[in-house]
Amino acid sequence: MPRQMTCPACGETEDLSGERTDAGIVIRCGACEAQWARDTPYTCATCGGDDIHMRPQALTQYSRGTQLSIVGLHYIPLCAGCDAAMLARANQQKPVPGQYHSAAARKRRDGGDDAADTLILPR
Ligand SMILES: [Zn+2]
Ligand SMILES: [Zn+2]
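The structure displayed is predicted, hence computed values, not measured ones. (Residues numbered from 1 in each chain as written. Chains lettered and ligands numbered in written order. Predicted model: local features only at pLDDT ≥ 70, side-chain atom pairs only at ≥ 80, totals over all residues. Heavy atoms only, no water.)

A.B. asks: It is not clear to me how unusual backbone geometry should be interpreted in this structure. Could you clarify?
C.D. replies: Peptide bonds are mostly trans, and most non-glycine residues show a negative phi. A positive phi is found at Glu-33, a non-glycine position, where the angle reads about 70°. Note that Glu-33 resides in the loop between strand E2 (24-29) and strand E3 (35-37). Under the relative-accessibility criterion, Glu-33 is labelled partly exposed at 36%. With a phi angle near 65°, Gln-93 is a residue other than glycine that sits in the positive phi range. Position of Gln-93 among the secondary structure elements: in the loop between helix H1 (84-90) and helix H2 (113-116). The exposure class assigned to Gln-93 is exposed, which follows from its relative accessible area of 71%. (Helix = DSSP H or I, 4+ residues; strand = E, 2+ residues; numbered from the N terminus. Buried < 20%, exposed > 50% of the residue type's maximum accessible area, 1.4 Å probe, protein only.)

Printed below as a string of structure tokens:
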């Protein structure tokens, strides 16, 4: 499958620019200012499914100096299975909380099949 870069917010494919940050390369859309990680997975890191939806995440404000820059919405991948609750919330136009780690982007330890055996539930 070709990895064409497409803005998750507006569908722009041309006016995109990469920016190197501490967290890796971030792509910014020149049309709507949305941002997302270039290395966004196209399959879920937890279940391997490919039902991935890009949704906006609320960024905590960087408080460095007094310069206030307009920060576009940052998009993260959500798995329709593993992140179902958060995806439903995002579908109601509520941004994903900044501290939320999507199971699609990073394998969830208390989720997937491999964790089910070792997880000890309190009775
Ligand atoms: Zn865009
Ligand atoms: Zn999943």
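A.B. asks: What should I look at first to understand the environment of Ala-23 in this one?
C.D. replies: Take Ala-23: it is sitting in the loop between strand E1 (16-21) and E2. Sequence separation between Ala-23 and Ala-37 is 14 residues, and the spatial gap between their C-alpha atoms is 8.4 Å.

A.B. asks: Sorry if this is basic, but what is going on with the coordination of the zinc ion (ligand 1) here?
C.D. replies: Between any two of four tetrahedral donors, the ideal angle at the metal is 109.5 degrees; between two of six octahedral donors, it is 90 or 180 degrees. Within the first shell, the zinc ion (ligand 1) binds the protein through Cys-7 (SG), Cys-10 (SG), Cys-29 (SG) and Cys-32 (SG), at distances of 2.3 Å. For the zinc ion (ligand 1), the 4 donor atoms in the first shell make angles of 107 to 113° at the metal, so the coordination geometry reads as tetrahedral. Donor residues for the zinc ion (ligand 1), ordered by position in the chain, follow C-x2-C-x18-C-x2-C. In this pair, Cys-7 sits in the segment before E1 while Cys-29 sits in strand E2, placing the two residues 22 residues apart along the sequence. The buried category is assigned to Cys-29, whose relative accessible area is 0%. (Donors = N, O, S within 2.8 Å, 3.2 Å for Na, K, Ca; no water. Tetrahedral: all angles 85-135°; square planar, octahedral: opposite > 155°, others 65-115°.)

A.B. asks: Is there a simple way to think about the coordination of the zinc ion (ligand 2) in this case?
C.D. replies: Distances from the zinc ion (ligand 2) to its protein donors, Cys-44 (SG), Cys-47 (SG), Cys-79 (SG) and Cys-82 (SG), fall at 2.3 Å. Between the 4 donor atoms coordinating the zinc ion (ligand 2), the angles at the centre fall across 106 to 117°, so the site counts as tetrahedral. Positions of the donor residues of the zinc ion (ligand 2), expressed as sequence spacing, correspond to C-x2-C-x31-C-x2-C. By relative accessible area, which is 49% here, Cys-47 ends up partly exposed.

A.B. asks: Explain the pattern of salt bridges to me, please; I cannot follow it from the model alone.
C.D. replies: Note on pairing: side chains with opposite charge can pair once their charged atoms come close. Scanning the model with the defined rule gives 4 salt bridges in all. Taking the shortest distance from any N to any O, the salt bridge between Asp-39 and Arg-38 comes out at 3.4 Å. A salt bridge links Asp-83 to Arg-108, with the shortest nitrogen-to-oxygen separation between them at 2.9 Å. With a gap of 25 residues between them, Asp-83 in the loop between strand E5 (74-79) and H1 and Arg-108 in the loop between H1 and H2 connect regions that are remote in the sequence. Given the relative accessible area of 1%, Asp-83 is considered buried. Sharing partners across several salt bridges, the network here consists of Glu-19, Arg-28 and Glu-33. (Salt bridge = Lys/Arg side-chain N within 4 Å of Asp/Glu carboxyl O.)

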